[in-house]
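Structural overview
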Amino acid sequence: MCGIVGYIGKKEAFPILIKGLKWLEYRGYDSAGVALLNGSLEVYKKKGKVIEMEQFALSKNHSGTIGIGHTRWATHGEPSDENAHPQNSMNNVFTVVHNGIIENYAKLKTDLVKHSYTFKSDTDTEVLANLIDFFYHQDEGINSEMAVQLALSKVVGAYGIAVLCKNEKNKIVVARKGSPLVVGLGDGEYFIASDAAPIAEYTGQVVYLNDEDIAILQRDGFTLKNVSNNPVSLKISSIDLEIGELDKGDFDYFMMKEIYEQPKTIEETFRGRLRADHSEIVLGGLLNVFPKIEEARRIIIIGCGTSWHAALIGEYMLEEYAQVPVEVEYASEFRYRKPVINSKDVVILISQSGETADTLAALHLAKAKGATVIGICNVVGSTLARETDAGVYTHAGVEIGVASTKAFTAQVTVLTMIALKLANTKGTIDIKEYQTLVKELSEIPEKGRIILQSNDKIKAIAEKYHKAINALYLGRGYLFPVALEGALKLKEISYIHAEGYAAGEMKHGPIALVDDNLPVVVVAPQDDYYEKIVSNIQEIKARKGNVIAIVTEGDTGLKELANDVIEIPKSHPALAVLLSVIPLQLLAYHIALFKGCNVDQPRNLAKSVTVE
Ligand code: AGP
């Protein structure tokens, strides 16, 4: 939920920290700050975006070749200058940036007050800074990393931290448990970040810290151990990020860039996995567990938000084609409700970031109960990718926009391949239908490019409805989760209350909402449910509702009936998901812009929910 950066080396730290924070702002953006160790320990922090803190710091002494920085999504304490990170210890010996939640901070704070510590902020991080200081001053022989270890041994909760000590000017101490941290290895310099994006332009060699790792970064070296002081084996990975992925190019917002990337990212996701003759699907990342999937008593698919919507698509496909029982769970519910899990279960966890706290907790629970756990993830080296038994990367590239778009279609592409591969292996799908679906999947990118040509038309429809207070999204079958996803896109970037519903549910309540102020988006391509959803549209029109229908191109009937139609190319019903979601993404994008919203950084949200 927050972004952390750090630098130690030969260059001026400030510009590196600022640039890194701007890459991480999608993780949280209610306040920002930097700390620099030059002759003294300088801390500059402000409520608001990184650029506001940058302007403030530029007027101060921001020199120094070692520093840390933070951009915040508030958990404890409202967004304010005082609650911004870095947080100093009472005597300003230590300064800390932190991503996570210290659950026992109140007890620790009470104990520190008994030792005459005072506090300026409402944050749990200031408690950690004072706790480190407390241990540091217990004995002359305790240095900063030892103080950090002792303090963290008392902490309950999740943390990704970077710590500076003004008495040790050649050192940054970093540690993680539950919140991601990456260390970039340069030539006589080291970089720290919450994910690889800010590091990619400086070095391709990184170390992804694991839970309870502590790293001590000095100009002449890098030591890795764990909170129990045992050495940790160093696993150096390569970043496969192209710098070009990290800018908006010709687009005004990352979200629009990522919507337009989808034909390419769907292609990248199935590249090398769909055989040209449509005979075989190759998922190398599942090779070691595929027999487990074949013999699974049931498959449980778990995720949050958009990833949960993708999970619903996976359920429909796996049950229809592979005839395996599937359950879909919100990670935040699964982790607490005492589910019945055993070794005959396969659990698929979907996460774009691979760092969502609830999803990781669900992973750990399923693993502890003996299930085979599989990840579908978009971030190489993320915690989910490293802690599952096997998995499939979505190859969508860095997704910066908080509203997930290309990651969703990539997740659905992976789930489609898993379902078809399993069905073909088990012999539960007719070979002709299997080959048709594989062939049609390979044709989706071109059909997606055709839909993107409707952008101006969709923008005009958005202008008509951007003043709506509420909206309803309806779909049936595979397109019911698409309706849910379309509603989520609209609500999270335009702040219009939008609900997704199974169209068949209309008469059980939601139809009471329908009047001439309510836009109703109906995902209605020509499929097995077509006649039924046309009836739903007629019911809505009879009550003066305004219908925006996503239709199969050439559908003249619905063109007459609906107020507005957006056409998508004909496709197999199971693959219409990948096409029908694109107009909904564009509709939400344009409505949000007409409302003057920041589509890349919507209020109250962050890209990666690494705290509960
Ligand atoms: C989707 O647009 C949202 N940003 C949010 O619902 C997101 O899908 C959810 O937080 C899960 O994130 P993950 O895929 O990184 O786990």
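Structural data are supplied above this passage.
Keep in mind that what you see is a predicted model, and the values were worked out from it rather than measured.

In the vicinity of the ligand lie 15 residues, with Ser307, Ser351, Thr356, Val402 and Glu492 positioned nearest. A distance of 2.6 Å is found between an oxygen atom of the ligand and a side-chain nitrogen or oxygen belonging to Ser307. Here an oxygen atom of the ligand sits 2.7 Å away from a polar atom, N or O, in the side chain of Ser353. Isolated, the ligand exposes 410 Å² of accessible area, and the fraction of that covered by the protein chains is 91%. The pocket occupied by the ligand, as judged from atoms lying within 2 Å of grid points, is the second largest pocket. Residue assignment for the shell around the ligand shows that the elements contributing at least two residues are helix 9 (305-322) and helix 16 (479-494). Of the residues belonging to the shell around the ligand, the class tally is five nonpolar, eight polar and two charged.

Tallied over the full model, the rule gives zero disulfides. Lacking any disulfide linkage, Cys2 is separated from the closest cysteine sulfur, that of Cys304, by 18 Å. A residue is classified by how much of its surface remains accessible, and Cys2, at 5% relative accessible area, is buried. Summary of cysteine pairing: Cys377 is not part of a disulfide, and the nearest cysteine sulfur, belonging to Cys304, is at 13 Å.

Let us now look at the sheet that holds strand 9 (residues 182-185). With antiparallel pairing, the eight strands of this open sheet are ordered in space as 3-2-4-1-10-9-11-14. With one partner strand each, in any of the chains shown, strand 3 (41-47) and strand 14 (237-238) form the two edges of the open sheet. In terms of strand pairing, strand 1 (residues 3-8) meets strand 4 (residues 66-72) through six bridges, oriented antiparallel. Opposite Ile4, over in strand 4, you have His70 as the bridge partner. Contacts from helix 1 (residues 13-24) reach strand 1, strand 2 (31-37), strand 4 and strand 10 (190-193), with the element oriented near 160° to strand 1.

Moving on, we come to the pairing of strand 6 (residues 94-102). By the criterion of burial, strand 6 is predominantly enclosed, with nine of the nine residues buried. Of the pairings in the sheet, the one linking strand 5 (residues 87-88) to strand 6 comprises two bridges and is antiparallel in character. Residue pairing across strands places Gln87 opposite Val96, the latter belonging to strand 6. Hairpin connection of strand 5 to strand 6: five residues between the antiparallel strands, including Asn92 at a positive phi of 65°. With nine bridges joining them, strand 6 and strand 7 (residues 157-165) adopt antiparallel strand pairing. Residue pairing across strands places Thr95 opposite Leu164, the latter belonging to strand 7.

Among the seven residues in strand 4, seven count as buried, and that is most of the element. Both faces of strand 4 are covered, namely the face carrying Ile66, Ile68, His70 and Arg72 and the face carrying Gly67, Gly69 and Thr71. Pairing analysis gives six bridges linking strand 2 to strand 4, with the strands arranged antiparallel. Paired with Ser31 across the two strands is Arg72, which belongs to strand 4.

The strand order 16-15-17-18-19 describes an open sheet built from five strands, whose pairing is parallel. Edge strands, defined here as strands with exactly one partner in the open sheet, are strand 16 (326-330) and strand 19 (390-393). On average, each strand axis in the sheet is inclined to that of its neighbour by 20°, with strand direction left out of account. Sheet contacts for helix 9: strand 15 (298-303), strand 16 and strand 17 (345-351); angle to strand 16, the most-contacted strand, approximately 175°. Relative to strand 18 (residues 372-377), helix 13 (residues 406-426) is tilted by about 140°, and along the sheet it contacts strand 15, strand 17, strand 18 and strand 19.

One can find Thr125 in helix 4 (residues 124-136). Taking relative accessible area as the criterion, Thr125 reaches 0% and is therefore assigned buried.

Below, the discussion takes up the nonpolar core. With 92 residues, the main nonpolar core has Leu286, Ile293, Ile299, Ile301, Leu318, Tyr473 and Leu587 as its most contacted residues. For Tyr473, the contacting residues outside a window of four places in its chain are Ala483, Gly486, Ala487, Leu490, Ala498, Glu499, Gly500, Tyr501, Val521, Leu584 and Leu587. Membership of the second largest hydrophobic core comes to 31 residues, among which are Val93, Leu108, Ile214 and Ile216.

According to the stated counting rule, one finds 10 aromatic pairs in the structure shown. Look at Tyr190 and Phe222: their rings are 5.7 Å apart centre to centre, the planes differ by 25°, and that puts the pair in the stacked class. Taken as a pair, Tyr190 in strand 10 and Phe222 in strand 13 (residues 221-226) lie far apart in primary sequence, 32 residues in all. By the burial criterion, Tyr190 is buried, and Phe222 matches it. Both rings, one in Phe191 and one in Tyr202, keep their centres 4.7 Å apart while their planes meet at 10°; by these two values the pair is stacked. Of this pair, Phe191 sits in strand 10 while Tyr202 sits in the loop between strand 10 and strand 11 (205-208); the two residues are 11 residues apart in sequence, bridging distant segments of the chain.

Criteria and cut-off values
Residues numbered from 1 in each chain as written. Predicted model: local features only at pLDDT ≥ 70, side-chain atom pairs only at ≥ 80, totals over all residues. Heavy atoms only, no water. Near = heavy atom within 4 Å. Polar contact = N/O pair within 3.5 Å; in protein donor to acceptor, adjacent residues only side chain to side chain. Areas by Shrake-Rupley, 256 points an atom, 1.4 Å probe, with all protein chains shown as cover. 1 Å grid on protein atoms, 1.4 Å probe; cavity = no way out; pocket = protein on both sides within 12 Å on 5 of 7 lines; lining within 4 Å. Sits in = over half its atoms within 2 Å of the grid points. Helix = DSSP H or I, 4+ residues; strand = E, 2+ residues; numbered from the N terminus. Nonpolar A, V, L, I, M, F, W, Y, C, P; charged D, E, K, R; others polar. Disulfide = S-S within 2.5 Å. Buried < 20%, exposed > 50% of the residue type's maximum accessible area, 1.4 Å probe, protein only. Pairing = 2+ DSSP bridges. Contact = heavy atoms within 4.5 Å. Axes fitted to C-alpha atoms, helices over the stretch in contact; angles between N-to-C directions. Core = buried A, V, L, I, M, F, W, Y, C linked by side-chain atoms within 4.5 Å. Phe/Tyr/Trp six-rings, centres within 6.5 Å; stacked < 30°, edge-to-face > 60°.

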